[in-house]
Amino acid sequence: MALRIAVDAMGGDSAPDAVIQGVLSALESMEEPLQILLFGPADRIQPLLDEAGASADIPLTLVDAPDVIEMTDAPASAVKKKRQSSIHLGLGAQKKGEADAFISAGNTGAVMATSMFTLGRISGVERPSIAGYFPTLRGFSIVVDIGTNVDCRPEHLLQFARMATVYTRHVLQIDTPSVGLLNIGEEPGKGNEQVKEAFDLLTEANGINFKGNVEGGDLLDYAADIIVCDGFVGNILLKFGESMTTVLKKMTAQEMQRQELPAGEQQIVAQVLGEVSKGFDADHRGGAPLLGVDGNVMIGHGRSNADAVEQMIHATADLVRSDVVGELKKAFDG
């Protein structure tokens, strides 16, 4: 049976053009059978599909969703007022069993709120969370939370660690992923009350390979497979990392000019730096999973281009194949 993915055609700064191009590329590159349900205003999307050369026989169904949730819309208002949006109808398709997953690079708050309203939470999960990727010398660390929950209690941090452990084990195939608690020092007893209490909970928790506190200076070198923090800290960390893709290039270019390096040498340095910077680029990984809701939801960066959308579809296929939702239900059972 083909994997069925509902896609928000109107999500992201470059939507719907980038979404359409990414979807068409994914249909070509996906090795397994794939069925796309594309949600958006039909009168706007169909001409773009025709212009892109999408033939009638490709496994893509356009579903009319006339309401558009803008990036600037307040999530609570959008959930209540725009019931015919691509986000509402796409998540509704998953709820009704017509799709296996939903992806969007649109308004993160609206996707989060509508996912909670439509799909509900997995029993035992208090705060669904978005898990992001942070590059290290040994690949990637999973950072959770990256902005979904800015005010957290210690028990929420424990739940983030448990959800990320399940995701890392089943999607990234790391049997016993290590967990580090982001703090201002490695020693027990460091940090604010929230983090100190979370340290105790993580130390006593079963099924979590907790290695203790980790400091910000250790993250790029590699501190743990999973880095746990509240969404306020996690979002700042992630956006600082994303800024590296542009700032490092500019700083390096300035220094090469100051040293008057020959053009050929500058080109070599720029190419190397470009490859290194890919790890900080949100488009490189495509999207981040929303863990804890009773369904498969992948959220992309607002700047997502066609390549990012394509990668998001592939990452979503991994999420579905790994049955992360089913594994999370087992982890939180009782």
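Reading the values: rules and limits
- Residue indices begin from 1 for each chain and proceed along its sequence in written order.
- Only residues with pLDDT of at least 70 are given local features in this predicted model, and only at 80 or more are side-chain atom pairs given and counted; all residues enter the totals for whole chains, interfaces and linings.
- Side-chain numbers come from the whole structure's heavy atoms, not from hydrogens or water.
- Segments assigned H or I by DSSP are reported as helices when at least four residues long, segments assigned E as strands when at least two residues long, and all are numbered from the N terminus.
- Radius of gyration means the value over C-alpha atoms here, while the globule rule gives 2.2 Å times the residue count to the 0.38 power.
- Exposure is judged per residue with a 1.4 Å probe applied to protein chains only, and the accessible area is read against the type maximum: over 50% gives exposed, under 20% gives buried, and values in between give partly exposed.
- Side-chain atoms within 4.5 Å are what join buried Ala, Val, Leu, Ile, Met, Phe, Trp, Tyr and Cys residues into a set we call a nonpolar core.
- Contact definition: two residues touch when any of their heavy atoms are within 4.5 Å.
- Each axis is a line fitted through C-alpha atoms, and for a helix only the stretch in contact is used; angles between axes span 0 to 180 degrees, taken between their N-to-C directions.
- If an angle is under 35 degrees, it is roughly parallel; if it is over 145, roughly antiparallel; if it lies from 65 to 115, roughly perpendicular; otherwise it is oblique.
- Left-handed describes a crossing whose near helix is turned anticlockwise from the far helix through less than a right angle; right-handed describes the clockwise counterpart.
- Side-chain classes follow a simple rule in which Ala, Val, Leu, Ile, Met, Phe, Trp, Tyr, Cys and Pro form the nonpolar group, Asp, Glu, Lys and Arg form the charged group, and the remainder, Gly included, forms the polar group.

Novice: What is the right way to read the overall build of the chain from this model?
Specialist: Along the backbone of the chain there are twelve helices and twelve strands. In terms of overall size, the chain behaves like a compact globule, its C-alpha atoms giving a radius of gyration of 21 Å where 334 residues would be expected to give roughly 20 Å. Dimensions of the chain, computed from C-alpha atoms along their principal axes, come out at roughly 65 × 60 × 35 Å. By residue count, 51% of the 334 residues in the chain fall in the buried class.

Novice: Is there a simple way to think about unusual backbone geometry in this case?
Specialist: Glycine aside, residues mostly have negative phi angles, and peptide bonds mostly take the trans form. In this model, A15 is joined to P16 through a cis peptide bond whose omega is 0 degrees. Structurally, P16 is set in the loop between β1 (3–8) and α1 (17–29). Cis geometry is found at the peptide bond from V144 to D145, where omega equals 15 degrees. Counting through the fold element by element, D145 comes out in the loop between β7 (139–144) and α6 (154–171). Notably, Y222 is not glycine yet its phi reads approximately 125 degrees, a positive angle. Of note, Y222 is situated in the loop between β9 (209–215) and β10 (226–228). Here Y222 falls in the buried class, since its relative accessible area comes to 16%.

Novice: Would you explain the nonpolar core in this entry?
Specialist: Generally speaking, soluble globular proteins have nonpolar side chains that are buried together. In this structure, V23, I36, L38, L181, V228 and I313 are the most contacted members of the largest nonpolar core, which totals 60 residues. The element best represented in this core is α6, accounting for nine residues. V23 has contacts with V7, I36, L38, L60, V309 and I313, leaving out every residue within four places of it along the chain.

Novice: Looking at this structure, I do not really get the environment of P75. What am I missing?
Specialist: Turning to its location among the elements, P75 is positioned in helix α3 (residues 75–81). When near neighbours in sequence (up to four residues on either side) are disregarded, P75 contacts N107, G109 and A110.

Novice: Please clarify how the packing of α6 against helix α7 (residues 193–204) should be interpreted in this entry.
Specialist: Two packed helices can be described by the angle between their axes and the distance between those axes. Relative orientation of the contacting elements α6 and α7 amounts to 50 degrees, with a least axis distance of 8 Å. In terms of axis orientation, α6 runs oblique to α7. The two elements α6 and α7 cross, and the hand of that crossing is right-handed. Two secondary-structure elements touch here, α6 through P154, E155, L157, L158 and A161 and α7 through Q194, E197, A198, L201 and L202. Residue composition of the contact of α6 with α7, grouped by class: seven nonpolar, one polar and two charged.

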